[in-house]
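# Descriptive analysis of the structure
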Amino acid sequence: MAQVKYSRVDGRKSSSYCSTISIVVFVAFCLVGIWTLMSSIVPTQNSDLTSEQAVNQVVTEKGSRQFDNSGGLPEDSTKEDSNTRNDQNIIERESGNVAEENQEEVATKESSDSEQTGLEERQGNNESDLVEGENKINTDESQDGPKQVDEVLGETVEKDAAENNKEIQEKNQGSDELLPAGAQSEILNETNTQNGAWSTQAIESENEKESQQSSITKDDSDCRWKLCNVTAGPDYIPCLDNWQAIRKLPSMSHFEHRERHCPDEAPTCLVPLPKGYRQPIKWPESRGKIWYYNVPHTKLAVVKGHQNWVKITGEYLTFPGGGTQFINGALHYIDFIQKSLPAIAWGKRSRVILDVGCGVASFGGFLFERDVLAMSFAPKDEHEAQVQFALERGIPAISSVMGTKRLTFPSGVFDVVHCARCRVPWHIEGGKLLLELNRVLRPGGYFVWSATPVYRKNPEDSGIWKAMSELTKSMCWDLVVIGEDKLDGVKAAIYRKPTSNECYEKRPQNVPPICKESDDPNAAWNVPMQACMHKVPINASERGSRWPEQWPRRLEKAPYWLNSQVGVYRKGALEDFTADYKHWRNVVSKSYLNGMGINWSSVRNVMDMRAVYGGFAAALKDLKVWVMNVVPIDSPDTLPIIYERGLFGIYHDWCESFNTYPRSYDLLHADYLFSTLKRRCNLAAVFAEVDRILRPEGKLIIRDDGETVDEVEKMVKSLKWEIRLIYSEDNKGLLCVQKTLWRPTEMETIKSAIA
């Protein structure tokens, strides 16, 4: 134990000096003073554990085992979900508490002369304690501690330390690893990643806004968090609730007011909780009902109640599974589409779809029954909280709009695009909005348009149908079928995007025009929409020239177009892809599922904040979760690979807020993200955003360099979060923390967010 390490030094006295009482007393008092000085300057962030103890405890700065190769975690290294454990081998790094208690115990033991004899007798049986002593002394020396202590310990400490280190190395051979060693470390080491064959989204998007250049908080542990005082209250989305910017817009005719307008400085305040907030209901029960007080909005229940969107049922909001176009339930509607066009093959050929104007996302929620993953989106508009309802239900959704800018997805990645009475004027202004769907739709993919112009004959609907027919024909979309559902009384027109450029070349007029060769279809971050079409890839080695493997084979098989490319980690792309997938399967199975103390049955909405190939999401395939894969705009543009695997994701700049409501995600995963972000973002603002989108009692898993993990640890402590696991070695760190219900009491008014 820490309190005995240096007391042993006091007891190293020869019996030949016992007669010289005055010298003994003088030396004893000197050493007591030295001991007190050293105890008072011990840094709290150093764990001061022996190598054997470090393996069995939650916290270690210099563990005797490595991370990540096979994914194993040290035994007894975590606290279980929803349980308070008091095991001796589990400690929480609460700053100051342990150090103060140890100092008090040391002071008590130092006051007893008889303790010296007992410590002297134990000296030979506690060699590992000498190693601790040496480490502590070295630390003290670096802080101008007394040099005499080295002379007291002498050669014995050096010999014991060498023997102990040799024993540790022998024990480590063949042990499970948590982070890669040697050449394998480049799989996860941010300093070794390169862009390889992929440019970044920041480079591709020429019209990208300048990145925020906020200064880095020097000591984030001193953060004084305040509560956001904003008009949106508990539903605050900084980049969508910037009323100061919205009021200055010259026009709103193209839904500019629903687009992103981020404040000049990202807020560092915390969003309040709604009164009566409770832990969300677990999936799949949550698909049918949620707690009313978690999303206490009634407008949709009043306006759309007769259409089975949402109803108020006691303390719950319930979702019968219907919608404007599928009154008799989403599953019935989903099967109606498949019967109309069997080639759509839900869950096999069609795996990843885009649902435009999703409402409360019941369509996407029930597509899980058919093994289909839907990226649902709708604007934050007068249809109050529709996307928030979806996320609370455990259904993927983001707040977005078909406005003036491209959707933040690569080109040609969605197998199907769906619009059920989504009220988007596809036909106006040269079909600019429909041409944006054409950009993100995979060649050979389907557009399912279930809307009143397909089957109603009033003048307005008939006019829209005529305009859409002319537009889709000029775009070379083939109207495959118009299916009719007599039970719901609706019809759906299903179009197919061409797989060659032959039709484009035969058009009598170049309308809509073909985009210029210089136009990058994958540039999607703050890029204005254009009323043009990109040519279809026809080269056999190009992405998009062939349909992906059927699900689930496409998850594990590297895309055919990776063959000749260099991977993110500077190896061949195929080798990179395979190694990444193997790595994350090991880490997830051996660490995350069993070694973190996470109750995965309570996890539904997951985000990988820095996805590369989507390996983390792929490793979670068999769990009842969905993963939003985020590719930062300054990272290699690997998002097309993620879609090719049958997963989905989005581009984002983490110096700004994400397009989602507060309390959206159960678990956030950040692999070597924050060490990059802190170079250009205000880390306090980044963590305010992390706090905003993570649900209370949600988990954050961070893998990063040791220095960054230390900074993050201070940050989460200032947020009063619970540290569930921390482990570091060789400047590689792993940290798992849990958000609490704590909210500050002091308020901060965000002027840009006051309507």
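Position numbers for residues count from 1 along each chain, tracking the sequence in the order it is written. It should be noted that, the model being predicted, local features are given only for residues of pLDDT at least 70 and side-chain atom pairs only at 80 or more, the latter also being counted only at that level, while totals for whole chains, interfaces and linings use all residues. Note that water and hydrogens are dropped before the side-chain values are worked out from all heavy atoms of the structure.

Glancing now at the pairing of strand S20 (residues 732-738). For S20, the tally of buried residues reaches seven of seven residues, placing the bulk of the element in the interior. The pairing criterion is simple: DSSP has to find at least two bridges between the two strands. The way it works is that DSSP assigns letters per residue, a run of H or I at least four long becomes a helix, a run of E at least two long becomes a strand, and they are numbered from the N terminus. As judged from the seven bridges shared by strand S18 (residues 694-705) and S20, these two strands associate in the antiparallel manner. Counterpart to Ile702 in the pairing with S20 is Leu735. Examined bridge by bridge, strand S19 (residues 722-729) and S20 share seven bridges and lie antiparallel to one another. Looking at the pairing, Ile726 lines up with Leu735 of S20. Linking two consecutive strands that pair antiparallel, namely S19 and S20, is a turn of two residues; a positive phi of about 50 degrees is found at Asp730 within it. Burial here depends on accessible area, computed with a 1.4 Å probe over protein chains only, as a share of the maximum for the residue type. Under 20% is buried, over 50% is exposed, and the range in between is partly exposed.

Mapped onto the elements, Tyr455 comes out in the loop between strand S11 (441-450) and helix H15 (459-474). The residues contacting Tyr455, other than those within four sequence positions of it, are Gln325, Gly489, Val490 and Lys491. Distance and chemistry together define a polar contact, namely a pair of N or O atoms within 3.5 Å, with one atom able to donate a hydrogen and the other to accept it when in protein, and with adjacent residues in sequence counting only for side-chain atoms on both sides. Among the polar contacts made by the side chain of Tyr455, one reaches the side chain of Gln325 at a distance of 3.1 Å. The contact definition used throughout considers only heavy atoms, calling two residues in contact when any of these lie within 4.5 Å.

For the rest of this paragraph, the subject is the sheet that holds strand S15 (residues 626-632). Across the sheet, seven strands lie side by side as S16-S15-S14-S17-S18-S20-S19; this open sheet has mixed pairing. The open sheet terminates on both sides in strands that have one partner only, identified here as strand S16 (649-652) and S19. When the angles between neighbouring strand axes are averaged without regard to direction, this sheet yields 15 degrees. Strand contacts of helix H22 (residues 683-693): strand S14 (605-608), strand S17 (665-671) and S18, with the helix running at about 140 degrees to S18, the strand carrying the most contacts. Each axis is a line fitted through C-alpha atoms, taken for helices only over the stretch in contact, and angles between the N-to-C directions span 0 to 180 degrees.

Owing to its 3.6 residues per turn, the α-helix aligns residues three or four sequence positions apart on the same side. Every buried residue of helix H11 (residues 330-340) is listed here: Ala330, Tyr333, Ile334, Phe336, Ile337 and Ser340. The arc enclosing the buried residues of H11, seen along the axis, measures out at 155 degrees, which places them on a common side. This arc is built from the directions going out from the helix axis to the C-beta atoms.

Within helix H13 (residues 386-393), eight of the eight residues are buried, which leaves the element mostly enclosed by the surrounding structure. Here H13 has its buried residues at Gln386, Val387, Gln388, Phe389, Ala390, Leu391, Glu392 and Arg393. Directly beyond the C-terminal end of H13, a positive phi value near 95 degrees is found at Gly394.

Now for the pairing of strand S13 (residues 490-496). In terms of burial, S13 is largely enclosed, as five of its seven residues are buried. Pairing of S11 with S13 involves four bridges; the strand directions are antiparallel. Residue Phe447 lies in a different strand from S13, and its bridge partner there is Tyr495. Relative to S13, strand S12 (residues 478-485) runs antiparallel, the two being bridged by seven bridges.

Moving on, we come to the state of the cysteines. Disulfide: a pair of cysteine sulfur atoms within 2.5 Å of each other. Inspection of every chain in the model, using the stated rule, returns six disulfides. Shown here is the disulfide that connects Cys239 with Cys262, its sulfur atoms set 2.0 Å apart. Between Cys239 and Cys262 the disulfide shows an S-S torsion of about 110 degrees. By sign, it is right-handed. Of this pair, Cys239 sits in the loop between strand S3 (227-229) and helix H9 (243-246) while Cys262 sits in the loop between H9 and strand S4 (289-291), and the two are 23 residues apart along the sequence. Pair check on accessibility: Cys239 and Cys262 agree, each one buried. Between Cys419 and Cys422 runs a disulfide, and the two sulfur atoms are separated by 1.8 Å. Across the S-S bond linking Cys419 and Cys422, the dihedral sits near -90 degrees, which makes this disulfide left-handed.

Time to look at the sheet that holds strand S8 (residues 373-378). If you trace the seven strands from one edge of the open sheet to the other, you get S9-S8-S7-S10-S11-S13-S12, paired in mixed fashion. The open sheet is flanked by strand S9 (397-399) and S12, the only strands paired with a single partner. If you compare each strand with its neighbour and ignore which way they point, the axes differ by 20 degrees on average. Of the strands in this sheet, strand S7 (352-356), strand S10 (414-420) and S11 touch helix H14 (residues 432-440), which is tilted by about 135 degrees from S11.

Attention shifts here to the packing of aromatic side chains. Put simply, two rings from Phe, Tyr or Trp (the six-membered ring, in Trp's case) pair if the centres are within 6.5 Å, and we call them stacked under 30 degrees between planes, edge-to-face over 60, tilted for the rest. Per the stated rule, a full pass over the model turns up 23 aromatic pairs. When the centroid spacing of 6.1 Å and the interplanar angle of 45 degrees are considered together, the rings of Trp477 and Tyr495 count as tilted. With Trp477 in the loop between H15 and S12 and Tyr495 in strand S13, the pair connects residues that are 18 residues apart, well separated along the chain. Each member of the pair, Trp477 as well as Tyr495, carries the same accessibility label: buried. Among the aromatic residues, those joined into a cluster by ring pairs are Phe326, Tyr333, Phe336 and Phe363. To sit over a ring, a charge needs its Lys NZ or Arg CZ within 6 Å of the ring centre and within 35 degrees of the ring normal. Between Arg543 and the ring centre of Trp561, over which it is positioned, the NZ or CZ distance is 6.0 Å. When the ring centre of Tyr560 is taken as origin, the NZ or CZ atom of Arg546, which lies over that ring, is 4.0 Å away.

Right, let's get into the confidence of the model for the chain. Looking at any residue, its pLDDT shows the predictor's confidence there, from 0 to 100. Chain-level pLDDT for the chain is 79 on average; 71% of the residues reach the 70-or-more range. The low-confidence segment residues 82-192 (pLDDT under 50) makes 172 contacts with residues lying over four places distant or belonging to another chain. Note that pLDDT drops below 50 for residues 207-221; the model gives that stretch 33 contacts with residues more than four away or on any other chain.

Another aspect to go through is the packing of H22 against helix H23 (residues 706-718). Between H22 and H23, whose axes approach to 11 Å, the crossing angle comes to 60 degrees. By the criterion of interaxial angle, the relationship of H22 to H23 is oblique. Handedness of the crossing formed by H22 with H23: right-handed. Each of Leu683, Ala684 and Phe687 in H22 lies in contact with H23, whose residues at this interface are Glu711, Val712, Met715 and Val716. With respect to orientation, any angle under 35 degrees is reported as roughly parallel, any angle over 145 as roughly antiparallel, any angle of 65 to 115 as roughly perpendicular, and every other angle as oblique. Should the near helix be turned anticlockwise from the far one by less than a right angle, the crossing is termed left-handed; should it be turned clockwise, right-handed.

What follows is about the nonpolar core. Grouped burial of nonpolar side chains is what soluble globular proteins tend to show. Think of a nonpolar core as a cluster: buried Ala, Val, Leu, Ile, Met, Phe, Trp, Tyr and Cys residues, connected wherever their side-chain atoms sit within 4.5 Å. Of all hydrophobic cores here, the largest spans 126 residues; its most connected members are Leu354, Trp426, Phe447 and Phe674. When residues of this core are assigned to their parent elements, the largest contribution, seven residues, is made by H22. For the domain bounds, the source is a domain assignment made automatically or taken from a database. Taken domain by domain, the makeup of this core includes at least three residues from each of domain 1 (324-506) and domain 2 (553-749). Among residues more than four places away in sequence, those in contact with Trp426 are Val356, Met402, Cys419, Gly431, Leu433, Leu434, Leu437, Phe447, Trp449, Met468 and Leu471. Ala330, Leu341, Trp346 and Ala492 belong to the second-largest nonpolar core, a separate cluster that totals 21 residues.

The salt bridge criterion pairs a side-chain nitrogen of Lys or Arg with a carboxyl oxygen of Asp or Glu, the two atoms within 4 Å. Inspection of the entire model under this criterion finds 30 salt bridges. The salt bridge partner of Glu392 is Arg695, with a shortest N-O separation of 3.9 Å. Taken together, the positions of Glu392 in helix H13 and Arg695 in strand S18 put the pair 303 residues apart, joining distant regions of the chain. Overall, Glu392 belongs to the buried group, its relative accessible area being 5%.

With that settled, the discussion passes to unusual backbone geometry. The peptide bond linking Trp283 to Pro284 adopts the cis configuration, its omega dihedral lying at 5 degrees. Of note, Ala345 is a non-glycine position whose phi angle comes to about 45 degrees, a positive value. One can find Ala345 in the loop between H11 and S7. Taking relative accessible area as the criterion, Ala345 reaches 16% and is therefore assigned buried.

Turning to the side chain of Ser340, a few remarks are in order. Along the chain, the position of Ser340 falls in helix H11. One polar contact links the side chain of Ser340 to the main-chain carbonyl oxygen of Phe336, over a distance of 2.9 Å. If near-sequence neighbours (up to four positions away) are discounted, Ser340 is found in contact with Val481, Gly483, Glu484 and Ile494.

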